[in-house]
Amino acid sequence: MPVTFIRTRRTDYTGQLRKIRQTMGMDDQPTIADKKPAVMKLEPGDYWWCACGKSVNQPFCDGSHKGTGFGPQKVTIDEEKTVAFCNCKHSANQPFCDGTHAKL
């Protein structure tokens, strides 16, 4: 028996989702904490990178994201090294800086 596929129109709900998030008090875009990266030497361990930009402990999470729709990102460092964390929160290579801050 042949299978028939019915093509349906794809609807873009981006605008509607944005309105719902705003109504619920959820931010649509992260807050730009700084327009330069946080360069630091880290010891091995787990770190929680702030994705919302509201933490007073940048670039690390302090729980300020609650109710924003954003959450922290876990970063595991296996050996001591220097990293450049994104502080503009718009990097395509999150949690690390990719230079996007220069275009904001």
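In short, a report on the structure. (Residues numbered from 1 in each chain as written. Predicted model: local features only at pLDDT ≥ 70, side-chain atom pairs only at ≥ 80, totals over all residues. Heavy atoms only, no water.)

## Quick word on the nonpolar core
At step 1: Ranked by size, the top nonpolar core spans 12 residues in total: A38, L42, Y47, W49, A51, F60, V75, I77, V83, F85, C86 and C88.
At step 2: Mapped by element, the contributors of at least two residues to this core are β1 (38-42), β2 (45-49), β3 (73-77) and β4 (81-85).
At step 3: W49 has contacts with P59, C61, P72, Q73, V75, F85, C86, K89, Q94 and P95, leaving out every residue within four places of it along the chain. (Core = buried A, V, L, I, M, F, W, Y, C linked by side-chain atoms within 4.5 Å. Buried < 20%, exposed > 50% of the residue type's maximum accessible area, 1.4 Å probe, protein only. Helix = DSSP H or I, 4+ residues; strand = E, 2+ residues; numbered from the N terminus. Contact = heavy atoms within 4.5 Å.)

## Here we look at the pattern of salt bridges
At step 1: Across all of its chains, the model carries 3 salt bridges by this definition.
At step 2: With its nearest N and O atoms 3.0 Å apart, the salt bridge here joins D34 to K36.
At step 3: On the accessibility criterion, K36 (49% relative accessible area) is partly exposed.
At step 4: Residue D46 is joined to K74 by a salt bridge in which the shortest nitrogen-to-oxygen separation is 3.6 Å. (Salt bridge = Lys/Arg side-chain N within 4 Å of Asp/Glu carboxyl O.)

## Details of the side chain of N87
At step 1: As for its position among the elements, N87 is in the segment after β4.
At step 2: A polar atom in the side chain of N87 sits 3.4 Å from the backbone oxygen of K36.
At step 3: Setting aside chain neighbours within four positions, we find N87 in contact with I32, A33, D34, K36, P37, A38, Q58 and P59. (Polar contact = N/O pair within 3.5 Å; in protein donor to acceptor, adjacent residues only side chain to side chain.)

## Focus: the side chain of S55
At step 1: Looking at the element boundaries, S55 is found in the loop between β2 and β3.
At step 2: Here F60 takes part through its backbone oxygen, which lies 2.6 Å from a polar atom of the side chain of S55.
At step 3: Here S55 is in contact with C50, F60, C61, D62 and S64, once residues within four sequence places are set aside.

That's the geometry; what it means functionally is another story.
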